[in-house]
Amino acid sequence: MGAAGRRRLIGVHITLTANTDWYLFNFRRDLARAAVAAGHEVSLVCPGGPYAERLQGEGFEVRTYTVPTDSFSLAGNRRSLAEITAAYQALSPDLVHLHTPICVLLGSLAGSKLEIPYRVAALTGLGHVFTSESMKARVVRPGLRHVFRRELARPGTAVIFPNEADRDELVQARVVEAARTHLVRGSGVDIERFRPRVDANSASRAVGDGPLRILFASRLLREKGIEELVEAFQAVRTDHPDVELWIAGEPYRPNPTSLDEAEVAALGQIPGVRVLGQVDDMPGLLAQVDIVALPSWREGTPKILLEAAACGLPIVATDIPGCQGVVDPDQSGFLVPVRDVQALAQALKALMTDPERRLAFGRRGREIVERGFSTTEVNRATLAVYDQLTRQ
């Protein structure tokens, strides 16, 4: 008997689906472990790669599919849909938890075809197609909106949002019914693994005590504000030549705003900039820096900001819903307008020259994540969504 028709209330088979194996390993592995501990069976569907192999090494069954290098490629997305459908058919899950808009779209279509009883869609908007003003995006947008609305209205579907603003936007646009929505604050952070590097009563080191380091850790996409940050850093470095900008992360070719290899190489030629590539040991990296910056254009609940706050680091981010929920303005970090290089540079300089403020911001950030962003709390909330959905 396939997944269709199953209505077990406990011990369901859950399949987590994402558009990179890196995402499942770094952002959803704790959820997978928590689901197993709660008595569920968990399998994973994602593109192949080293992180998929590591997840298999932990005992999870992983099925892979191919992500198109061009997000607008009809043939590439058809192939992805066929491979995701085949993976679900082989796994026969009771519930699929879909992450990122493209996986929500393709996973929902596959789930409908196979009559998978339950679907949980995790959304922070509807993706680049709905924010881009390119001709391709404008052409496909009406059709995709219709498909999203149809799939998210199917019985047995719940939609998780990381913040109220993203939820309200799609409810008001009539893409999703309010009754189907749930608020879960991102993927959380392990507050035992991510801890401050200094005692709460110790003074943060000042400029002159060695190079002060600013960290950007995210995919290398223009929409993450990487270009604005580099420009602001260069302005700041005019007066503070010892400051460094560390960039951790890699491009993501399916996103049209991704930097290419030549652009990444050019970043490494800028004085004071260190390009680190993908970094697995984030606690170790955060222990070596003084400020974390993420001037993104749009976010859900940024994992790097949760990790920074858990490590007692001050934050500079943009004044957008996803960052507003993590940063207490002027108490744990600074929030600046999107794409405002001057404001970004001023915020960085204010933290660079005030070690006591960096320390105070770090303390407040740690309090914030301890109060509501631990993986324990986030996983408990997500498992509650599963339970509520399967008991309807």
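Here, every reference points to the structure presented above.
Let me begin by describing the structure that accompanies this report. (Residues numbered from 1 in each chain as written. Predicted model: local features only at pLDDT ≥ 70, side-chain atom pairs only at ≥ 80, totals over all residues. Heavy atoms only, no water.)

Brief notes about the pattern of salt bridges
Right, on to step 1. Throughout the structure, instances matching the rule amount to 27 salt bridges.
Right, on to step 2. For Glu151, the salt bridge identified is with Arg154, shortest N-O distance 3.0 Å.
Right, on to step 3. When its relative accessible area of 29% is taken as the criterion, Arg154 is described as partly exposed.
Right, on to step 4. Close ionic contact of Arg364 with Glu367 constitutes a salt bridge, the shortest N to O distance being 3.2 Å. With Arg364 and Glu367 both in helix H14 (residues 355-372) and three residues apart, the pair spans about one turn of that helix.
Right, on to step 5. With a relative accessible area of 23%, Arg364 lands in the partly exposed category.
Right, on to step 6. Look at Glu367 and you get partly exposed, because its relative accessible area is 44%.
Right, on to step 7. The structure contains a network of salt bridges with shared partners spanning Arg29, Asp30, Arg33 and Glu58. (Salt bridge = Lys/Arg side-chain N within 4 Å of Asp/Glu carboxyl O. Buried < 20%, exposed > 50% of the residue type's maximum accessible area, 1.4 Å probe, protein only. Helix = DSSP H or I, 4+ residues; strand = E, 2+ residues; numbered from the N terminus.)

Thoughts on the pairing of strand S6 (residues 157-161)
Right, on to step 1. Most of S6 sits inside the fold, with five of its five residues counted as buried.
Right, on to step 2. The two faces of S6 match: Thr157, Val159 and Phe161 on one face and Ala158 and Ile160 on the other face are all buried.
Right, on to step 3. Relative to S6, strand S5 (residues 118-122) runs parallel, the two being bridged by four bridges. Bridge pairing in S6 links Val120 to Ala158. (Pairing = 2+ DSSP bridges.)

Remarks on helix H4 (residues 74-91)
Right, on to step 1. Compared with the 26 Å implied by 1.5 Å per residue over 18 residues, the 26 Å span of H4 between its first and last C-alpha is a close match.
Right, on to step 2. Residues of H4 that are buried include every one of Gly76, Asn77, Ser80, Ile84, Thr85, Ala87, Tyr88 and Leu91, and no others.
Right, on to step 3. On its buried face, H4 sits against strand S1 (13-17), strand S2 (41-46), strand S3 (61-64), strand S4 (95-99) and helix H5 (101-114). (Expected span 1.5 Å × (residues − 1). Contact = heavy atoms within 4.5 Å.)

Let's talk about the packing of aromatic side chains
Right, on to step 1. In total, this model carries four aromatic pairs according to the counting rule given.
Right, on to step 2. Measuring from centroid to centroid gives 5.3 Å for Trp22 and Phe27, while their planes differ by 50 degrees, and the two rings are tilted.
Right, on to step 3. Under the relative-accessibility criterion, Phe27 is labelled partly exposed at 21%.
Right, on to step 4. Ring geometry for Phe334 versus Phe361: centroids 5.2 Å apart, planes at 70 degrees, classification edge-to-face. Note that Phe334 is positioned in strand S13 (residues 333-336) and Phe361 in helix H14, a separation of 27 residues in sequence. (Phe/Tyr/Trp six-rings, centres within 6.5 Å; stacked < 30°, edge-to-face > 60°.)

Comments concerning the sheet that holds strand S7 (residues 181-183)
Right, on to step 1. Sheet architecture is open: seven strands sit in the order S3-S2-S1-S4-S5-S6-S7, paired in parallel fashion. The open sheet has two edge strands with one neighbour each: S3 and S7. Neighbouring strand axes in the sheet, compared pairwise and without regard to direction, differ in orientation by 20 degrees on average.
Right, on to step 2. As paired elements, S2 and S3 share four bridges and run parallel to each other. Within the sheet, the bridge partner assigned to Cys46 lies in S3 and is Thr64. (Axes fitted to C-alpha atoms, helices over the stretch in contact; angles between N-to-C directions.)

Purely geometric numbers; function is a separate question.
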